[in-house]
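# Survey of secondary and tertiary structure
Here is how the chains run, residue by residue.
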Amino acid sequence: MESLLALSIGVLVATSVYLMLAPNVLRFIFGLVLISNAANLTIFLAGRLTPGAPPLIAEGAAAPAKLVANALPQALVLTAIVIGFGLFAFALVLMFRAYTTLGTLYSDEMRVAEPRENDSI
């Protein structure tokens, strides 16, 4: 199971790099979301996939009685999902604002601060 998840992480990273290298800003944002999901899966996989009980300690005990699931990777992934959603929403609004201002989604054509090649000084 872990090798299947590692393979899917590799596919997600490869796809996200391909999308992020495109000159279209919308494809870049989708690549950013995919690489965020790949990082979440990597954190989740680093916590090991072991079947176990919830990490609860009985009253009066010093440690759990049996094998328990690791709660730290789950908490980190949950936090990363929330941060990733906020980043996606911000990037989408920023991309929409850039499109309404500049009229294009291609990063090569977004030259507000740069002089045009045919302009003379």
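Before going into details, it helps to say that this report is about the structure given with it.

To continue, consider the environment of Ala91. As for its placement among the helices and strands, Ala91 is situated in helix 3 (residues 71–102). Relative accessible area serves as the criterion here: at 14%, Ala91 is assigned to the buried category. Sequence spacing of Ala91 and Val33 is 58 residues, and the spatial spacing of their C-alpha atoms is 10 Å.

With 22 residues, helix 2 (residues 25–46) ought to run about 32 Å at 1.5 Å a step, and its terminal C-alpha atoms sit 31 Å apart, in line with that. Among the residues making up helix 2, those that are buried are Ile29, Gly31, Ala38, Asn40 and Leu45. Check the buried side of helix 2 and you find it contacts helix 1 (2–20) and helix 3. Looking one or two places after helix 2, you find Arg48, whose phi comes out positive at around 65 degrees.

Turning our attention to the packing of helix 2 against helix 3. Here helix 2 crosses helix 3 at 175 degrees, and the two axes come no closer than 9 Å. The angle between helix 2 and helix 3 places the two elements in the roughly antiparallel class. On helix 3, the residues that touch Val25, Leu26, Ile29, Phe30, Leu32, Val33, Ser36, Asn40, Ile43 and Phe44 of helix 2 are Pro73, Gln74, Leu76, Val77, Ala80, Ile81, Gly84, Leu87, Phe88, Ala91, Leu92 and Met95. A breakdown of the residues in the contact of helix 2 with helix 3 according to their chemical character gives 18 nonpolar, 4 polar and no charged.

This part takes up the packing of helix 1 against helix 2. Interaxial distance between helix 1 and helix 2 falls to 8 Å at its minimum, and their mutual angle equals 160 degrees. Between helix 1 and helix 2, the angle falls in the class roughly antiparallel. Handedness of the helix 1/helix 2 crossing: left-handed. Contacts between helix 1 and helix 2 involve Glu2, Leu5, Ala6, Ser8, Ile9, Leu12, Val13, Thr15, Ser16, Leu19 and Met20 on the former and, on the latter, Arg27, Phe28, Phe30, Gly31, Leu32, Leu34, Ile35, Ala38, Leu41, Thr42 and Leu45. Classifying every residue of the contact of helix 1 with helix 2 gives 15 nonpolar, 5 polar and 2 charged.

A contiguous nonpolar patch, built from Met1, Leu4, Leu7 and Val11 and spanning about 460 Å² of accessible area, is present on the exposed surface. With respect to the helices and strands, Met1 occurs in the segment before helix 1. Owing to a relative accessible area of 70%, Met1 belongs among the exposed residues under this scheme.

On to the side chain of Ser16, then. Tracing the sequence through the fold places Ser16 in helix 1. A polar side-chain atom of Ser16 sits 2.8 Å from the main-chain carbonyl oxygen of Val13. Setting aside chain neighbours within four positions, we find Ser16 in contact with Gly31, Leu34 and Ile35.

Cut-offs applied
- Residues numbered from 1 in each chain as written.
- Predicted model: local features only at pLDDT ≥ 70, side-chain atom pairs only at ≥ 80, totals over all residues.
- Heavy atoms only, no water.
- Helix = DSSP H or I, 4+ residues; strand = E, 2+ residues; numbered from the N terminus.
- Buried < 20%, exposed > 50% of the residue type's maximum accessible area, 1.4 Å probe, protein only.
- Expected span 1.5 Å × (residues − 1).
- Contact = heavy atoms within 4.5 Å.
- Axes fitted to C-alpha atoms, helices over the stretch in contact; angles between N-to-C directions.
- Parallel < 35°, antiparallel > 145°, perpendicular 65-115°, else oblique.
- Nonpolar A, V, L, I, M, F, W, Y, C, P; charged D, E, K, R; others polar.
- Left-handed = near helix turned anticlockwise from the far one by under 90°.
- Patch = residues over 30% accessible without salt bridge, like charges linked within 9 Å, V, L, I, M, F, W, Y side chains within 5 Å.
- Areas by Shrake-Rupley, 256 points an atom, 1.4 Å probe, with all protein chains shown as cover.
- Salt bridge = Lys/Arg side-chain N within 4 Å of Asp/Glu carboxyl O.
- Polar contact = N/O pair within 3.5 Å; in protein donor to acceptor, adjacent residues only side chain to side chain.

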